[in-house]
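Chain and residue survey
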Amino acid sequence: MILVLDVGNTNITFGAYEEEKLVTTFRMTTKVQRTSDEYGIVIRDLLHMNGVKRTDIEGSIVASVVPNVMHSLTSAMIRYIGTNPIVVGPGTKSGIQVKTKNPRELGADRVVDAVAAYEKYGGPILVLDFGTATTYDYVSEDGCLMAGVTAPGIRISAAALSENAAKLPAFEIKKPDSILAGDTVTSMQAGIMYGQIGQTEYIIRQMKKETGCDNMKVVATGGLGRAISKETALIDYYDSTLTLDGLRIIYQKNRQEKKHE
């Protein structure tokens, strides 16, 4: 089995794979500062609670957009899980070429999503990730990550409303039945959700127009991606495990390369 770790700004998502089968997933918050011992104990306990023996884990891989947790986290993996994880970054064999102006500044999570989308659905494909930020990445027919768009995530936008306007309360993020809101909370929900749907559709159409790829497939992932995907015909697939699958694919590519050395 292998353990894959997606370290995002809000959560660290873990997935345990047996070959290509995702056996279990679990999460812990990223924002809590932890020592390597604390990480190690929590990860080991979560594996046990999810029916995975530590001794069954033969390898691991990490994609992170939060550099300051990496030393403690990788040390924990080495000491408590017994694996020295592959850390996705420049030079990691991924199966796609990053052809943006500065490939090194592209988040590892976006590369991982692109790898999974291209392997699972083919190209050209547009990859949407509704996380802390909402990202849109274009992968060409021949597997090159060519360009991307970054926008505030849905939760960031919602928090900005309630935190920066004295009379606006915190609210549940959900799509109201009608955009014709009759109260403050419903009007905020309408603005956030209908606004995100509109943004999503406009960016998809504009990226298809500027690339000339009218036949481009569109796949979405991320926490609120399912809710947005249900509201537009422009998203072809919702794939909740896209990032974890990408990590598994990259791990297998690097393991195969080592075998051939």
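Our subject is the structure listed above.
First, a word on scope: everything that follows refers to the structure included in this document.

Rules used in this analysis
Residues numbered from 1 in each chain as written. Predicted model: local features only at pLDDT ≥ 70, side-chain atom pairs only at ≥ 80, totals over all residues. Heavy atoms only, no water. Pairing = 2+ DSSP bridges. Helix = DSSP H or I, 4+ residues; strand = E, 2+ residues; numbered from the N terminus. Contact = heavy atoms within 4.5 Å. Axes fitted to C-alpha atoms, helices over the stretch in contact; angles between N-to-C directions. Phe/Tyr/Trp six-rings, centres within 6.5 Å; stacked < 30°, edge-to-face > 60°. Buried < 20%, exposed > 50% of the residue type's maximum accessible area, 1.4 Å probe, protein only. Salt bridge = Lys/Arg side-chain N within 4 Å of Asp/Glu carboxyl O.

Looking at the pairing of strand β9 (residues 144-152)
Note that strand β6 (residues 97-98) and β9 share 2 bridges and pair parallel. Looking across to β9, one finds that Q97 is bridged to C144. Note: strand β8 (residues 133-139) against β9, 7 bridges, orientation antiparallel. Residue Y138 lies in a different strand from β9, and its bridge partner there is A147.

As for the sheet that holds strand β1 (residues 2-7)
Across the sheet, 5 strands lie side by side as β3-β2-β1-β4-β5; this open sheet has mixed pairing. Of all strands in the sheet, those bounded by a partner on one side alone are β3 (21-29) and β5 (86-87). Note: β1 against strand β2 (residues 11-18), 6 bridges, orientation antiparallel. Across the sheet, the residue bridging to L5 is F14, located in β2. Sheet contacts for helix α2 (residues 70-81): β1, β2, β4 (59-64) and β5; angle to β1, the most-contacted strand, approximately 170°.

Notes on the packing of aromatic side chains
This model, assessed by the stated rule, comprises 2 aromatic pairs. Ring centres of F14 and F26 lie 4.8 Å apart, and the angle between their planes is 15°; this geometry places the pair in the stacked category. Here the residue F14 occupies a position in strand β2, and F26 occupies one in strand β3, the gap between them amounting to 12 residues. Accessibility classification places F14 together with F26 in one group, the buried group. A ring pair is formed by Y121 and Y237, whose centres lie 4.4 Å apart and whose planes are at 20°; its orientation type is stacked. Placement of Y121 in helix α3 (residues 108-121) and of Y237 in strand β11 (residues 237-238) is noted, with a sequence separation of 116 residues between them. On the basis of relative accessible area, Y237 is assigned to the partly exposed category, the value being 32%.

So, the pattern of salt bridges
One pass over the full model with this rule turns up 7 salt bridges. Salt-bridge contacts for E231 lead to K175; the nearest nitrogen and oxygen are separated by 3.5 Å. Residue E231 is located in the loop between α6 (225-229) and β11, and its partner K175 is located in the loop between α4 (154-164) and α5 (184-211); the two are separated by 56 residues in the primary sequence. On the basis of relative accessibility, which here comes to 34%, the residue E231 falls in the partly exposed class. Using a relative accessible area of 30% as the deciding quantity, one classes K175 as partly exposed. The network of salt bridges with shared partners includes K120, D239 and D245.

Let's talk about the sheet that holds β9
Here 6 strands make up an open sheet; going across it, the order is β6-β9-β8-β7-β10-β11 and the pairing mixed. In this open sheet, the two edge strands, each paired with only one partner strand, are β6 and β11. Here strand β7 (residues 125-130) runs beside β8; their pairing, made up of 6 bridges, is antiparallel. From the neighbouring strand, L126 faces β8, where its bridge partner is Y138. Each of β7, β8, β9 and β10 (217-221) touches α5; the most contacted strand, β8, lies at about 20° to it.

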